[in-house]
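Observations on chain architecture
Below are the chains, spelled out letter by letter.
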Amino acid sequence: MVVSVDRGRWGCVLGGDPDRPVVTMRARELGRTPIVVGDDVDIVGDLSGKVDTLARIVRVSERRTVLRRTADDTDPYERVVVANAEQLLIVSALADPPPRTGFVERALVAAYVGGLNPILCLTKSDLADPTEFAAAFADLDVPVVLAGQSEDLGELTGVLAGTVTALIGHSGVGKSTMVNRLVPDAHRATGVVSGVGKGRHTSTQSVALPLPGGGWVIDTPGIRSFGLAHIAPEDVVAAFSDLAETIDDCPRGCTHLGPPADPECALDTLTGDAARRVRAVRSLLEAVRTNDAW
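Given the structure is predicted, the values throughout are model-derived calculations rather than measurements. Along every chain, residues carry numbers that run from 1 in the direction the sequence is written. The predicted nature of this model means local features are confined to residues of pLDDT at least 70 and side-chain atom pairs, given and counted, to a pLDDT of 80 or more, with totals for whole chains, interfaces and linings taken over all residues. By convention in this description, side-chain values take in all heavy atoms of the structure and omit both hydrogens and water.

Let us look at unusual backbone geometry. P97 follows D96 through a cis peptide bond whose omega is 5°. Numbering of helices and strands runs from the N terminus, with a helix taken as a DSSP run of H or I at least four residues long and a strand as a DSSP run of E at least two residues long. Inspection of the secondary structure puts P97 in the loop between β8 (87-93) and α1 (101-114). With an omega dihedral of 0°, the bond running from P259 to P260 counts as a cis peptide bond. Along the chain, P260 falls in the loop between α7 (241-244) and α8 (272-290). Of note in the backbone geometry, R7 takes a positive phi value of approximately 50° without being a glycine. Relative to the elements of secondary structure, R7 occurs in the loop between β1 (2-6) and β2 (9-13). Backbone geometry places K124, a non-glycine residue, at a positive phi of 55°. As for its position among the elements, K124 is in the loop between β9 (117-123) and α2 (131-135).

Moving on, we come to the confidence of the model for the chain. Looking at the chain as a whole, its pLDDT mean stands at 87, while 87% of the residues score no less than 70. Within the model, the stretch residues 188-194 combines pLDDT values under 50 with 19 contacts to residues more than four positions away or in other chains. The predictor attaches a confidence to each residue, and that confidence, scored 0 to 100, is pLDDT. Contacts between residues were defined by any pair of non-hydrogen atoms, one from each residue, lying within 4.5 Å. This stretch, residues 197-203, has a pLDDT under 50; its non-local contacts, to residues over four places away or in other chains, come to 12 contacts.

Time to look at the side chain of R282. The topology assignment puts R282 in helix α8. With a relative accessible area of 15%, R282 lands in the buried category. Any N or O atom pair separated by 3.5 Å or less is treated as a polar contact, with the protein-specific requirement of one donor-capable and one acceptor-capable atom, and with residues adjacent in sequence counted only for side-chain atom pairs. Looking at R282, its side chain comes within polar contact range of the main-chain oxygen of H256, at 2.9 Å. The residues contacting R282, other than those within four sequence positions of it, are H256, L257, G258, C265, L267 and D268. The rule is simple: take the accessible area with a 1.4 Å probe, protein chains only, and divide by the maximum for that residue type; under 20% is buried, over 50% is exposed, in between is partly exposed.

Another aspect to go through is the pattern of salt bridges. Just to be clear on terms, a salt bridge is a Lys or Arg side-chain nitrogen sitting within 4 Å of an Asp or Glu carboxyl oxygen. Across all of its chains, the model carries 10 salt bridges by this definition. For the salt bridge of K175 with D219, the shortest nitrogen-to-oxygen distance reads 2.7 Å. With a gap of 44 residues between them, K175 in helix α4 (residues 175-182) and D219 in strand β13 (residues 216-219) connect regions that are remote in the sequence. With respect to burial, K175 and D219 carry one shared label: buried. The partner of D268 in a salt bridge is R282, with the nearest N and O atoms 2.8 Å apart. Separated by 14 residues along the polypeptide, D268 in the loop between α7 and α8 and R282 in helix α8 bring together distant segments of the chain. Taking the relative accessible area as the measure of exposure, D268 reaches 37% and is therefore partly exposed. Ionic contacts of the salt-bridge type, sharing partners, join the residues D141, D242 and R277 into one network.

So, on to the nonpolar core. As a rule of thumb, nonpolar side chains are buried together in soluble globular proteins. Here the nonpolar core consists of buried residues drawn from Ala, Val, Leu, Ile, Met, Phe, Trp, Tyr and Cys, with membership extended through side-chain atoms lying within 4.5 Å. Counting residues in hydrophobic clusters, the biggest one holds 51 residues, and the most contacted among them are L88, I90, L108, L120, L140 and V281. For this core, the element with the highest residue contribution is α1, accounting for 8 residues. Leaving out residues up to four positions away in the same chain, L120 has contacts with I90, S92, V104, F133, F137, V142, P143, V144 and V145. Of all hydrophobic cores here, the second largest spans 21 residues; its members include L89, V91, L156 and L211.

Glancing now at the packing of α1 against α8. One can describe the packing of α1 onto α8 by two numbers: an axis separation of 9 Å at closest approach and a directional angle of 105°. In this view, α1 runs roughly perpendicular relative to α8, as classed from their interaxial angle. In this structure, α1 uses G102, E105, R106, L108, V109 and Y112 to contact α8, whose residues at the interface are S283, L284, A287 and V288. Classifying every residue of the contact of α1 with α8 by side-chain character gives 6 nonpolar, 2 polar and 2 charged. Orientation is described by axes fitted as lines to C-alpha atoms, over the contacting stretch for helices, and by angles from 0 to 180 degrees between their N-to-C directions. Roughly parallel refers to an angle under 35 degrees, roughly antiparallel to one over 145, roughly perpendicular to one between 65 and 115, and oblique to any angle outside these ranges. Any residue outside Ala, Val, Leu, Ile, Met, Phe, Trp, Tyr, Cys, Pro, Asp, Glu, Lys and Arg is labelled polar, Gly included; the first ten of those are nonpolar and the last four are charged.

Following the sequence through the fold, V183 ends up in the loop between α4 and α5 (186-194). The exposure class of V183 is buried, given its relative accessible area of 4%. When neighbours within four sequence positions are excluded, V183 is seen to be in contact with L209, P210, L211 and V217.

And the structure:
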């Protein structure tokens, strides 16, 4: 498993064991094949992990999930941020900076399309009541956990245990503080696990950290924007099994946003819980369309 990337070197752990770190380079035959944190790779060469040893990555396994983004909504180039994470923990502060639904909605879209299970994590709950903001995502059945400095992290620890979870959030929302609480030895672990360069994790690089109770958290850089140029409306709707079949009856070119843009959208025939989910999904589609990330 790749746990860090730095200047043409990849830190890996053998068999997912953080006590078996190996520093690697990309084999020449792989060319410019992108390799990101979370990738499962095959390596050959010196696997001892001793200082100044270097193995080679010779194969990248097919990715089970991907967290992708583009620089902005006009940029056609996709960047894979994290591979093979099972969950996406979307970290948002309830105050200072104030929460915005746009960023969360865009992160939710990236999670659904990439095959990750999203979880909303609210920090700074000592400064504001989380009820109203959390309610905005209730119809999507997104789990919500609190991680304020005064909150016990038992619930969050249970959610993360035994899984690979990517963390994403704007700078200043308290993500680093939370990571240091989840992984008390995070600074030392970063150096030992990565084994890359000077073993220093900066805010510009993702790094996977082992949780004390098992599992991994992949700490990603603070995100300024979350472009989704690579995502079509059908990709979003398809993530919801109760809606996916319905759009087969939509007219060609339907954006699924509903009237007045799409007066014949088949999603408008749904009722009950499905209709509430349609309204929630349309909020996601609108966030993608308007680039409302702030």
